[in-house]
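# Fold and contact review
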Amino acid sequence: MRTHYCGDINETLIDQTVTFCGWVHRRRDHGGVIFLDVRDREGLVQVVFDPDTVEAFNTADSVRSEFVIQITGRVRGRPEGTTNANMKTGMIEVLGKEIVVLNKAQTPPFPLDGYTDVGEDIRLKYRFMDMRRPEMQDKLRFRSKVTSGVRNYLDENGFLDIETPILTRATPEGARDYLVPSRTHEGNFFALPQSPQLFKQLLMVSGFDRYYQIAKCFRDEDLRADRQPEFTQIDIEASFIDEEQIMGMTQDMIKGIFQKELGVDLGDFPRMPFAEAMSKYGSDKPDMRIPMEIVDVEEFLQDIDFKVFAAPAKDPKCRVAALKVPGGAELSRKQIDEYTKFVSIYGAKGLAWIKVNELEKGIEGLQSPIIKFIGDENTLKIMEKLDAKNGDIVFFGADKTKVVCEALGALRCKVAEDMNLYTSEWAALWVVDFPMFEENDDGSVTALHHPFTAPSCTAEELEANPLGALSRAYDMVLNGCELGGGSIRIHDQDMQQAVFRCLGISEEEQQEKFGFLLDALKFGAPPHGGLAFGLDRLIMLMTGATSIREVIAFPKTQSAACVMTKAPGEVSNAQLRDLHIKLREKPKAE
């Protein structure tokens, strides 16, 4: 039906006859001459119809936005003064000779020939129209190129693309499972995989040595701008490999993709221990473009009468820390109140502050309602430790360590975004030396990553001091986002059972939930490890999108629904009977 894509018609085809198909992007009538901009996935081309070709002219005059058409015409250079260097086809136009309307279109639910602020619910309801927009086409084409680059790199490095099951069994991996009732096994359920974790380890036991998969994963959790209930993961696993090798290989892959697709050299990836990341940046995925650090100031506040600071300063499970914001003294009281409300999301009960106006005047050059509670001497010592300068503001956090880290860490990123304090466009690093476990409020422990991560100690040392043990885990972080995470896995049955015991998983429960894995470990499992990247998040970062919904063809809303297909939806009673399910009646409103 065509000889060329619209966006591929250029100066090399001048005086040649071409046939192309696409959608009417824009129609203009300039004094008896009809101009059509015709669009396909490769771009736009301008077509001119003169009244001399009566039948074609009349047809062109009748088409409207989003009609599907086929055009045959002669390529010619645009008249002087009408060229457009910003378009691939901006130096030429096509003199239309024939036009066929392949399909008419109703008026679109929103314009596609220019930016309009359309609500996301409308865009998602008519996603098939939304994806016609060049911006969406560019993002999804870019995604395809990155995915191809990943596959090529891994293929060239000896990895095998192997699929793993979607219908599997529920295993504890940190989020709620999506469950699928079984018709043939009454009362039993499949679970959709949160990751291919167990299967990729079994593939290593099977001797495949190097595996990868562009895998669909599912998690029933509360959503954010960078989360979806179903998401795509670049899943990688290899045998007879250590941290240095898997980190080096995947780092080279990511650097190569950024260089090829964006012309960006990410440079070397520094390594930062988890403890340092939490202490200095309040996050295990620190944004290193931001020139601000969180600093502990407990030593100056333990003996003051102000209990808001003194009590947590003396409590080993608490923290008192400060965040210096360069140029922040210009913030208004309203802005500070907004930041106070912001940190409350993370459990902070307030946000104390000190403005540095004229430090050379000593305490008189500082402005804050809390100075009288801290004392002049302590305040000046804190300013000295922070190396405060005129024009800065210092924010304080005093609470449980987790609350202070999360609140000041989030505030650091929020203020940097609001004040544009970034010092570079890209900043990548590895975060390493994660704890094996974290303590719950009831004194029990949970795995910080997952229960198949290998510790960096012996099984005896692990059980003697679970909270002091470090794991052989590693996360790749870019611009404050976790691009991917992985670890060296447990390949020894005794170590795996020691981890389960630390987690309070009984032998019966071990066999019930992980018996197949424990059995596999008995039969000569090789040392192995891997890493998984969130493909959606990677594309979001590379394209500058504000949400992963912008880089997924058919995403769900923040309530995990599809407004286009109206999923999830009700099913018939007959289907429920087949699945041995009966729905509870909704309570009637009084």
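Conventions used here
Residues numbered from 1 in each chain as written. Predicted model: local features only at pLDDT ≥ 70, side-chain atom pairs only at ≥ 80, totals over all residues. Heavy atoms only, no water. Helix = DSSP H or I, 4+ residues; strand = E, 2+ residues; numbered from the N terminus. Buried < 20%, exposed > 50% of the residue type's maximum accessible area, 1.4 Å probe, protein only. Contact = heavy atoms within 4.5 Å. Expected span 1.5 Å × (residues − 1). Bend = angle between axes of the 7 residues up to and from the residue. Core = buried A, V, L, I, M, F, W, Y, C linked by side-chain atoms within 4.5 Å. Pairing = 2+ DSSP bridges. Axes fitted to C-alpha atoms, helices over the stretch in contact; angles between N-to-C directions. Salt bridge = Lys/Arg side-chain N within 4 Å of Asp/Glu carboxyl O. Patch = residues over 30% accessible without salt bridge, like charges linked within 9 Å, V, L, I, M, F, W, Y side chains within 5 Å. Areas by Shrake-Rupley, 256 points an atom, 1.4 Å probe, with all protein chains shown as cover. Polar contact = N/O pair within 3.5 Å; in protein donor to acceptor, adjacent residues only side chain to side chain. Lys, Arg positive; Asp, Glu negative; His and termini not counted. Charge placed at Lys NZ, Arg CZ, Asp CG, Glu CD. Phe/Tyr/Trp six-rings, centres within 6.5 Å; stacked < 30°, edge-to-face > 60°. Lys NZ or Arg CZ within 6 Å of the ring centre and 35° of its normal.

## Some details on the overall build of the protein chain
Within the protein chain, the regular secondary structure consists of 17 helices and 22 strands. Projecting the C-alpha coordinates of the protein chain onto the three principal axes gives extents of approximately 95 × 75 × 65 Å. Of all 590 residues assigned to the protein chain, the portion counted as buried reaches 48%. By sequence separation, contacts in the protein chain at least 24 residues apart represent 68% of the contacts at least 6 residues apart.

## Remarks on the environment of Ala-329
For Ala-329, the position within the fold is in the loop between strand E13 (318-325) and helix H9 (333-344). What Ala-329 contacts, discounting residues up to four positions off in sequence, is Lys-355, Val-356, Asn-357, Gly-391, Asp-392 and Ile-393.

## Regarding helix H15 (residues 507-521)
Because the α-helix completes a turn every 3.6 residues, residues three or four places apart line up on one side. Across its 15 residues, H15 extends only 15 Å between first and last C-alpha, which sits more than 12% below the 21 Å expected from 1.5 Å per residue. A bend of about 95° at Phe-514 is the largest found in H15. Considered for burial, the residues of H15 that qualify are Gln-510, Phe-514, Gly-515, Leu-517, Leu-518, Ala-520 and Leu-521. Of the surrounding elements, those touching the buried residues of H15 are helix H5 (197-205) and helix H14 (493-502).

## A look at the nonpolar core
If you look at the biggest cluster of nonpolar residues, it comprises 68 residues, and the most contacted ones within it are Val-146, Ile-236, Met-253, Ile-254, Phe-258, Leu-462 and Phe-533. For this core, the leading source of residues is helix H6 (residues 243-262), giving seven residues. Setting aside its immediate chain neighbours within four residues, Ile-254 contacts Leu-266, Met-476, Leu-483, Phe-533 and Leu-538.

## A closer look at the sheet that holds strand E17 (residues 428-432)
Hydrogen bonds between backbone atoms are what pair the strands of a sheet, whose relative direction is either parallel or antiparallel. An order of E6-E9-E10-E22-E21-E20-E17-E11 is seen for the eight strands of this open sheet, with the pairing classed as mixed. Bordering the open sheet on either side are strand E6 (160-161) and strand E11 (271-273), each of which pairs with just one other strand. In this structure, E6 lies alongside strand E9 (residues 210-218), joined through two bridges in parallel fashion. Across the sheet, Asp-161 pairs through a bridge with Tyr-212, a residue of E9. Where helix H7 (residues 274-281) meets the sheet, its contacts fall on E11 and E17, and the angle it forms with E11 comes to roughly 80°. Here helix H16 (residues 535-543) sits on the sheet and contacts E9, strand E10 (230-239), strand E20 (473-478), strand E21 (481-488) and strand E22 (528-534); the angle it forms with E10, its principal contact strand, is near 110°.

## Observations regarding the environment of Gly-362
Examined against the element boundaries, Gly-362 turns out to sit in the loop between strand E14 (352-356) and strand E15 (366-367). For Gly-362, a relative accessible area of 19% gives the class buried.

## Describing the pattern of salt bridges
Working definition: two side chains of opposite charge can pair if their charged atoms are close together. Per the stated rule, a full pass over the model turns up 42 salt bridges. The closest approach of N and O atoms between Glu-221 and Arg-227, which form a salt bridge, is 3.7 Å. The partner of Glu-299 in a salt bridge is Lys-385, and the shortest N-O contact between them spans 2.7 Å. Linking Glu-299 in the loop between strand E12 (294-296) and helix H8 (307-314) with Lys-385 in helix H11 (residues 376-386), this pair joins segments that are 86 residues apart in sequence. By relative accessible area, which is 40% here, Lys-385 ends up partly exposed.

## Some words on a nonpolar patch on the surface
A cluster of nonpolar side chains, Met-1, Val-100 and Leu-102, forms an exposed patch at the surface whose accessible area comes to about 290 Å². Classification of Val-100 as partly exposed rests on a relative accessible area of 38%.

## Quick word on the side chain of Gln-233
Note that Gln-233 resides in strand E10. Here Asp-235 takes part through its side chain, which lies 3.1 Å from a polar atom of the side chain of Gln-233. When sequence neighbours within four positions are dropped, the list of residues in contact with Gln-233 reads Ser-195, Pro-196, Gln-213, Ile-214, Ala-215, Cys-217, Ala-532, Phe-533 and Leu-535.

## What to know about H16
Within H16, eight of the nine residues are buried, which leaves the element mostly enclosed by the surrounding structure. Considered for burial, the residues of H16 that qualify are Leu-535, Asp-536, Arg-537, Leu-538, Ile-539, Met-540, Leu-541 and Met-542. With its phi angle positive at about 75°, Gly-544 sits one or two positions after the end of H16.

## A word on the environment of Ser-62
With respect to the secondary-structure elements, Ser-62 resides in helix H1 (residues 54-62). Taking relative accessible area as the criterion, Ser-62 reaches 43% and is therefore assigned partly exposed. As for Ser-62 and Val-101, which are separated by 39 residues in sequence, their C-alpha atoms are 9.7 Å apart.

## Side note on a negative patch on the surface
Together, Glu-460, Glu-461, Asp-492 and Asp-494 make up a negatively charged patch on the protein surface. Given a relative accessible area of 52%, Asp-494 falls into the exposed group.

## Quick notes on the pairing of E9
Remember that side chains alternate between the two faces of the sheet whenever the strand is regular. Of the pairings in the sheet, the one linking E9 to E10 comprises nine bridges and is antiparallel in character. Looking at E10, one finds that Ala-215 is bridged to Gln-233.

## Considerations on the packing of aromatic side chains
The tally for this structure, following the rule as stated, stands at 11 aromatic pairs. Consider the rings of Tyr-339 and Phe-395, whose centres lie 6.3 Å apart with planes at 70°: the pair is edge-to-face. With Tyr-339 in helix H9 and Phe-395 in strand E16 (residues 393-400), this pair connects stretches of sequence that are 56 residues apart. Grouping residues by exposure puts Tyr-339 and Phe-395 together as buried. By the ring-pair criterion, three or more aromatic residues cluster together here, those being Phe-306, Phe-309, Phe-373 and Phe-396. Stacked on the ring of Tyr-422, the Lys or Arg Arg-289 has its end atom at 4.1 Å from the ring centre. Its end group placed over the ring of Phe-342, Lys-414 keeps NZ or CZ at 6.0 Å from the ring centre.

## Looking at unusual backbone geometry
Note the cis peptide between Ala-567 and Pro-568, where omega equals 0°. Relative to the helices and strands, Pro-568 resides in the loop between H16 and helix H17 (573-578). The phi dihedral of Asp-15 falls on the positive side, at around 75°, and the residue is not glycine. Mapped onto the elements, Asp-15 comes out in the segment before strand E1 (17-30). Not every positive phi belongs to a glycine, and His-580 is a case in point at roughly 60°.

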